[in-house]
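So the chains spell out like this:
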Amino acid sequence: MVTIAQNTAAYQEPIKRRIKENKTYMKDRLDIGTNFDVGVREMKILDHDIGAYYCTGLCDSSFIIELFRELLRIEHIHRTGVNVKDAIKNHLAHQQVMEIKTLDEVVDQMLSGLIVILIDGEEVGLVVDVRSYPGRTPEEPDIERVVRGAKDGFTENIIVNTALIRRRIRDERYRNEIMRVGERSKTDVCICYLQDVANPGLLKTLKKALKQIEVDGIPMADKTLEEYIVKQGWNPFPLVRYTQRPDVAAAHLLEGHILVICDTSPSVIIFPTTFFHHMQHAEEYRQTPIVGALLRLARFTAVLTSILIVPLWILMVMHPDLLPHWLEFIGPNKKGHIPLWMQIVIAEIGIEIIRMAAVHTPTSLSTALGLIAAVLIGQIAVQVGVFSPEVILYISIATIGSYATPSYELGLANKVVRVFITILAMIFGVPGFTIGLTLVVLYLARCQNLNTPYLWPFIPFNPKAFLDIMIRTAMPDSQIRPSIVRPQDSTTQPTN
């Protein structure tokens, strides 16, 4: 079997001095004439044939026209006998012009949105960056909205995304290293970090993992990269954090984290992360410290409620003797026609179906979907005896708690945990609830993400870091970077 590396090596052919040979190679490789989005312009400059190759959908047409106009002006400025390559290179009025020596690079650069100029009699080609990828303008992400604060967000354009971060960190020690992943897709992937802060060991591990990826392409972008870098397995909990906000990404860079940006994705991956990183939200830092602390406390309460309220209610129903006198009203006051455990299963599945339907429903029909879910499925189902009112109440509270979770991935993982603990509580009662909750905590305590304890700073316990996690402190009081990222420079204050 021929490996990917062997296939790549087979195309490392040098650029020929005779442009006709290069033209034949490009025609065979790209099937020019069939691919309508491959543009070719042939000219004669100072008695030398040249060929310009570009991808029409990925280039800015105005730049290409200006380059061609400047090339044609060379005929009237220079006389024959000058070095054609040097003359053309000097007249390419662009900030990024470089030379390449292989035909494989010619194809790769052209299909990435750059224009390549081949000159008869020269064994090098000139590459000009005239990329203009189709995409949208930066706008506030839907899942990380804030009342006050920046309204820009990442887009599917990697150049725009790196610029949004660079605008916030104008430090000469901030690095953007780019590489390509995918033998066929050749997707641009950028690693972002602060050179004097980020952990060198983690940086080396991430670079090695990205270079070892051998796959045709990564059309699912960042999620595919995550699965190659982090061995997720059957673990439902998110091991990396995604963000679509440049201010959140910049804040993590300053803490010592490393970012991975993938072209065509509006999300940035943050390494390393713990369980509590998924509980933070930008809104907490856009309010006063006391308000931010209250918001964080409410968020922790909502997350715990989404996990525990349904299995706890099941325990109270199965063992009424556990209820104190002031909670004796809890329980199904009216029995339905369907067993209680089956009602919970149907309700959990129904809520998930409604969520998926809301994602796929056009905006103009979302109101109608809400009315159907609330009136037909909810109210009428209770009236006919399919559900008891308490089941609808507690499942709804748990669902609201899931939506209050800042991380969408963590919200789904918490739902899996809730179902797991609920099943154990229904089958084994109090011992099942206790064992299930203990197993979940032990599993999270043993879980590691790139040698980072997932429950830090709770396990292993770090008092100061745990206090910072639970209570939002003022920024002037946060002078130490989190030790979990193992930063080279542990203080956030200038050392000048």
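Residues numbered from 1 in each chain as written. Predicted model: local features only at pLDDT ≥ 70, side-chain atom pairs only at ≥ 80, totals over all residues. Heavy atoms only, no water.

Visitor: Looking at this model, I keep getting lost on the overall build of the protein. Mind explaining?
Guide: On a plain count of helices and strands, the protein comes out with 16 helices and ten strands. In terms of overall size, the protein is more extended than a compact globule, its C-alpha atoms giving a radius of gyration of 29 Å where 496 residues would be expected to give roughly 23 Å. In terms of overall dimensions, the protein has a C-alpha envelope of 105 × 60 × 50 Å along the principal axes. A burial count over the protein gives 46% of its 496 residues as buried. Taking as baseline every contact in the protein between residues at least 6 positions apart, the subset at least 24 positions apart corresponds to 65%. As displayed, the protein offers around 26300 Å² of accessible surface, 61% of which is attributable to carbon and sulfur atoms. In the protein, 50 side chains carry a positive charge and 52 a negative one; their mean positions are 2 Å apart. (Helix = DSSP H or I, 4+ residues; strand = E, 2+ residues; numbered from the N terminus. Rg over C-alpha atoms; globule rule 2.2 N^0.38 Å. Buried < 20%, exposed > 50% of the residue type's maximum accessible area, 1.4 Å probe, protein only. Contact = heavy atoms within 4.5 Å. Areas by Shrake-Rupley, 256 points an atom, 1.4 Å probe, with all protein chains shown as cover. Lys, Arg positive; Asp, Glu negative; His and termini not counted. Charge placed at Lys NZ, Arg CZ, Asp CG, Glu CD.)

Visitor: Sorry if this is basic, but what is going on with the sheet that holds strand β2 (residues 48-55) here?
Guide: Strand pairing within a sheet occurs via backbone hydrogen bonds; the two strands may be parallel or antiparallel. On the basis of which strands lie adjacent, the open sheet formed by five strands has the order β1-β2-β4-β5-β3 and antiparallel pairing. Here the strands that pair on one side only, and so sit at the sheet edges, are β1 (38-45) and β3 (97-100). Averaged over neighbouring strand pairs, the angle between their axes works out to 25° when direction is ignored. Judged from the four bridges that link them, β2 and strand β4 (residues 115-119) form a sheet pairing that is antiparallel. Opposite Ala-52, over in β4, you have Ile-117 as the bridge partner. Each of β1, β2, β4 and β5 (125-128) is contacted by helix α3 (residues 61-77), which is oriented at about 15° to β1, the strand it contacts most. Across the face of the sheet, helix α5 (residues 103-111) comes into contact with β1, β2, β3, β4 and β5 while running at roughly 145° to β4. (Pairing = 2+ DSSP bridges. Axes fitted to C-alpha atoms, helices over the stretch in contact; angles between N-to-C directions.)

Visitor: How should I be thinking about the pairing of strand β10 (residues 268-271) in this particular structure?
Guide: A regular strand places its side chains so that they alternate between the two faces of the sheet. Burial along β10 is two-sided: the face carrying Val-268 and Ile-270 and the face carrying Ile-269 and Phe-271 are both buried. Relative to β10, strand β8 (residues 241-243) is paired through three bridges, and the arrangement is antiparallel. Paired with Tyr-242 across the strands is Ile-269, a residue of β10. Pairing geometry for strand β9 (residues 258-262) and β10, over four bridges, is antiparallel. Looking at β10, one finds that Val-260 is bridged to Ile-269. Taking the residues between adjacent antiparallel strands as the criterion, β9 and β10 are bridged by five residues, where Thr-264 takes a positive phi near 80°.

Visitor: Sorry if this is basic, but what is going on with unusual backbone geometry here?
Guide: Leaving glycine out, the prevailing phi sign among residues is negative, and the prevailing peptide bond configuration is trans. The omega torsion across Phe-271 and Pro-272 is -20°, close enough to zero to call that bond cis. Along the chain, Pro-272 turns up in the loop between β10 and α10 (289-318). Looking along the chain, the bond that leaves Trp-456 and enters Pro-457 is cis, with omega of 10°. Within the element layout of this structure, Pro-457 appears in the loop between α15 (430-446) and α16 (463-470). The phi torsion at Leu-46 lies on the positive side, around 50°, for a residue other than glycine. Checked against the element boundaries, Leu-46 lands in the loop between β1 and β2. Leu-46 gets classed as buried once you look at its relative accessible area, which sits at 6%.

Visitor: Explanation requested: the nonpolar core in the structure shown.
Guide: Residues Val-189, Leu-210, Leu-225, Phe-237, Ile-258, Phe-271 and Phe-275 are the most contacted members of the largest nonpolar core, which totals 46 residues. Apart from residues lying up to four places away in sequence, Leu-225 is in contact with Val-181, Val-189, Leu-210, Ile-213, Ile-218, Val-260, Cys-262 and Ile-269. Counting residues in hydrophobic clusters, the runner-up holds 21 residues, among them Ile-45, Leu-46, Leu-92 and Val-130. (Core = buried A, V, L, I, M, F, W, Y, C linked by side-chain atoms within 4.5 Å.)

Visitor: What's the story with α10 in this structure? I'm lost.
Guide: For an α-helix, 3.6 residues make a turn, and residues three or four places apart therefore share a direction. For α10, which comprises 30 residues, the first-to-last C-alpha distance of 43 Å matches the rise-based estimate of 44 Å (1.5 Å per residue) to within 8%. At Leu-308, α10 is bent by approximately 40°, the largest bend along its length, and proline Pro-311 sits one to four residues beyond. (Expected span 1.5 Å × (residues − 1). Bend = angle between axes of the 7 residues up to and from the residue.)

Visitor: Can you help me understand the packing of aromatic side chains in this one?
Guide: Given two aromatic rings, their pairing is described by the distance between the two centres and the angle made by the two planes. Applying the stated criterion to the full structure yields ten aromatic pairs. Here Phe-275 and Tyr-454 contribute two aromatic rings whose centre-to-centre distance is 6.1 Å and whose plane-to-plane angle is 75°, an arrangement assigned as edge-to-face. Taken together, the residues Phe-275 in the loop between β10 and α10 and Tyr-454 in the loop between α15 and α16 connect sequence positions 179 residues apart. Grouped by ring-pair contacts, the aromatic residues Phe-237, Phe-275, Phe-276, Phe-300, Tyr-454, Phe-458, Phe-461 and Phe-466 constitute a single cluster. The positively charged end of Arg-41 is found above the aromatic ring belonging to Phe-68, 5.5 Å away from the centroid. (Phe/Tyr/Trp six-rings, centres within 6.5 Å; stacked < 30°, edge-to-face > 60°. Lys NZ or Arg CZ within 6 Å of the ring centre and 35° of its normal.)

Visitor: What should I look at first to understand the side chain of Asn-161 in this one?
Guide: Examined against the element boundaries, Asn-161 turns out to sit in helix α6 (residues 158-166). Residue class for Asn-161 comes out buried when judged on its relative accessible area of 1%. The residues contacting Asn-161, other than those within four sequence positions of it, are Phe-154, Thr-155, Ile-261 and Ser-265.

Visitor: I tried to follow the environment of Arg-131 on my own but got confused; where do I start?
Guide: Within the element layout of this structure, Arg-131 appears in the loop between β5 and α6. Residue classification places Arg-131 among the partly exposed residues on the basis of a relative accessible area of 27%. Along the sequence, Arg-131 and Cys-59 sit 72 residues apart, while their C-alpha atoms lie 4.6 Å from each other. Apart from the residues lying within four places of it in its own chain, the contact partners of Arg-131 are Leu-58, Ser-112, Gly-113, Leu-114 and Asp-188. Side-chain polar atoms of Arg-131 contact the side chain of Asp-129, separated by 2.8 Å. (Polar contact = N/O pair within 3.5 Å; in protein donor to acceptor, adjacent residues only side chain to side chain.)

Visitor: Is there a simple way to explain the sheet that holds strand β7 (residues 187-194) in this structure?
Guide: Spatially, five strands are ordered β6-β7-β9-β10-β8 in an open sheet, and the strand pairing comes out antiparallel. Taken across any chain shown, the strands that pair with only one partner, and hence form the sheet edges, are β6 (174-181) and β8. Pairwise comparison of adjacent strand axes, ignoring direction, gives a mean angle of 25° for this sheet.

Visitor: I would appreciate a short explanation of the pattern of salt bridges in the present structure.
Guide: Where charged atoms of side chains with opposite charge meet at close range, the side chains can pair. This structure, assessed with the given rule, holds 35 salt bridges. Across the salt bridge formed by Asp-86 and Lys-85, the nearest N and O atoms sit 3.4 Å from each other. Note on Asp-86: relative accessible area 36%, which makes it partly exposed. For Lys-85, a relative accessible area of 12% corresponds to the buried category. Across the pair Asp-152 and Arg-168 runs a salt bridge, and its minimum N-O distance is 3.0 Å. (Salt bridge = Lys/Arg side-chain N within 4 Å of Asp/Glu carboxyl O.)

Geometry only, nothing functional implied.
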